[in-house]
Amino acid sequence: MIRALGLQLETPVSGFGEPHRPEGPGSLIVSDHISWLDALALFAVEPATALAKREVARWPLFGSLATQARVQFIDRDRIRSLPGTVAQVAATLRGGRSVMVFPQGTTWCTESGSGFRRAMFQAAIDSGALVQPVTVSYLQCGMPSTVAAFLGEDTFTASLHRVISARDLTVRVTAHPVLRPVQDRRTLAAAAHAAIRGTKAPAHV
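Residue positions are given per chain, counted from 1 along the sequence in the order it is written. Local features in a predicted model are, by the rule used here, given only for residues with pLDDT of at least 70; side-chain atom pairs are given and counted only at 80 or more, and totals for whole chains, interfaces and linings are based on all residues. Just so you know, side-chain values use all the structure's heavy atoms and leave hydrogens and water out.

Caption draft 1: Examining the pairing of strand S2 (residues 28-31) more closely. Each residue's exposure class comes from its accessible area (1.4 Å probe, protein chains only) as a fraction of the maximum for that residue type: buried when under 20%, exposed when over 50%, partly exposed otherwise. Runs of H or I in DSSP of at least four residues are treated as helices and runs of E of at least two as strands, each being numbered from the N terminus. Burial along S2 is two-sided: Leu28 and Val30 and Ile29 and Ser31, pointing in opposite directions, are all buried. Alignment of S2 against strand S6 (residues 131-140), held across four bridges, turns out to be parallel. Bridge pairing in S6 links serine 31 to valine 134. Pairs of strands are assigned from DSSP output, requiring at least two bridges between the strands.

Below you can see the structure in the form of structure tokens.
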């Protein structure tokens, strides 16, 4: 799909972190969130189950593809359903399958974005899963680009047309050292966000 859209895929670090044992839990893959292309790029590098907002299921073509890829659709407006979602993610991790999440909760123009919501990191703690921070970035003609950003009132159709029309667009997937779930979820979320931004974690962490 990445190739069909005319994009190039770069992976500066080959593979993700440390391989987990076949009998052990999967990894919680956490990434910044810029575009609907983020998940496609990550799928191209590492097989995983993904979480996505329920609206994605209604997108033309990609909704059915997401369903076939076993994406778990969640209702971001139902706070009461969050503990159940965390438990479901923990169960998937315990079963040996990696899970991909975007803890920012929404898309941003660049990988700097906002801080990470902490809830899904509890799933890693509960299941003993490694946390794999990943930075997704976009380049056009070798320079940072926001052409792939999917924000605000932007429609999927308009975004798709913009991506297809872009010349020399590259998506870069950079994996960082894995984090072990030996901390509380607040600390784990801050450490993952710092790794993705290329900054130091806050002093209290």
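Moving on from the coordinates now.
Caption draft 2: Broad picture of the pattern of salt bridges. What makes a salt bridge here is a side-chain nitrogen of Lys or Arg within 4 Å of a carboxyl oxygen of Asp or Glu, nothing more. Applying the stated criterion across every chain, the model contains two salt bridges. Here arginine 172 and glutamate 10 are joined by a salt bridge, their closest N and O atoms 2.9 Å apart. Linking arginine 172 in strand S8 (residues 169-175) with glutamate 10 in strand S1 (residues 8-10), this pair joins segments that are 162 residues apart in sequence. Under the relative-accessibility criterion, glutamate 10 is labelled partly exposed at 32%. Aspartate 154 is the partner of arginine 162 in a salt bridge, and the nearest nitrogen-oxygen pair spans 2.7 Å. Its relative accessible area of 28% is what places arginine 162 among the partly exposed residues.

Caption draft 3: Seen up close, helix H3 (residues 82-94). Each helix should span, by expectation, one fewer than its residue count multiplied by 1.5 Å. Taking 1.5 Å of rise per residue, 13 residues should cover 18 Å, and H3 covers 18 Å from first to last C-alpha, within 8% of that figure. Burial in H3 covers these residues: Thr85, Val86, Val89, Ala90, Thr92 and Leu93. Taken end-on, H3 shows its buried residues confined to a sector of 160 degrees, consistent with a single buried face. Backbone geometry just downstream of H3 places glycine 96 in the positive-phi region, at approximately 95 degrees. The directions from the helix axis to the C-beta atoms are what the arc is built from.

Caption draft 4: Local environment of the confidence of the model for the protein chain. For the protein chain, mean pLDDT is 80; residues scoring 70 or higher make up 77% of the total. For every residue, the predictor reports its confidence as pLDDT, a number between 0 and 100. The least confident element of the protein chain is helix H2 (residues 62-68), whose mean pLDDT is 68; the most confident is S8, at 93. Any two residues whose heavy atoms approach within 4.5 Å at even a single point are treated as in contact. Of the regions scoring below 50 in pLDDT, residues 107-112 engages in 26 contacts with residues more than four places distant in sequence or in other chains. For residues 201-205, every residue scores under 50 in pLDDT, and the model assigns this stretch seven contacts once sequence neighbours within four places are set aside.

Caption draft 5: Layout of the packing of aromatic side chains. Within 6.5 Å between ring centres, the rings of Phe, Tyr and Trp (the latter by its six-membered ring) count as paired, and their orientation is classed by plane angle as stacked under 30 degrees, edge-to-face over 60, tilted in between. The full count for this structure, using the stated rule, is two aromatic pairs. When the ring of tryptophan 36 is compared with that of phenylalanine 156, the centres are 5.0 Å apart and the planes differ by 65 degrees; the resulting orientation is edge-to-face. Of this pair, tryptophan 36 sits in the loop between S2 and helix H1 (37-45) while phenylalanine 156 is found in helix H5 (residues 156-165), placing the two residues 120 residues apart along the sequence. Each of the two residues, tryptophan 36 as well as phenylalanine 156, counts as buried. For the pair phenylalanine 116 and phenylalanine 121, a centre-to-centre distance of 6.3 Å together with 20 degrees between the ring planes defines the contact as stacked. Like phenylalanine 116, the residue phenylalanine 121 is buried in the burial classification.

Caption draft 6: Spotlight on the packing of H3 against helix H4 (residues 119-127). Remark: H3 packs on H4, axes separated minimally by 8 Å, with the N-to-C direction vectors making an angle of 40 degrees. Relative to H4, H3 is oriented oblique. Where H3 crosses over H4, the two elements pack in a sense that is right-handed. Of the residues in H4, those touching H3 at Leu82, Thr85, Val86, Val89, Ala90, Leu93 and Arg94 are Ala119, Met120, Gln122, Ala123, Ala124, Asp126 and Ser127. Each residue is assigned to one of three groups, with Ala, Val, Leu, Ile, Met, Phe, Trp, Tyr, Cys and Pro labelled nonpolar, Asp, Glu, Lys and Arg labelled charged, and all others, Gly among them, labelled polar. Split by residue class, the contact of H3 with H4 holds nine nonpolar, three polar and two charged. All axes here are fitted lines through C-alpha atoms, helices being fitted over the stretch that makes contact, and every angle between N-to-C directions spans 0 to 180 degrees. In this scheme, roughly parallel covers angles under 35 degrees and roughly antiparallel covers those over 145, while 65 to 115 is roughly perpendicular and the rest are oblique. Handedness of a crossing follows from how the near helix is turned relative to the far one, being left-handed for an anticlockwise turn of less than a right angle and right-handed for a clockwise one.

Caption draft 7: Structural detail: the pairing of S8. Among the seven residues that make up S8, six are buried, leaving the element largely enclosed by the rest of the structure. One ladder, built from three bridges, connects S1 with S8; its direction is parallel. Counterpart to glutamine 8 in the pairing with S8 is threonine 170.

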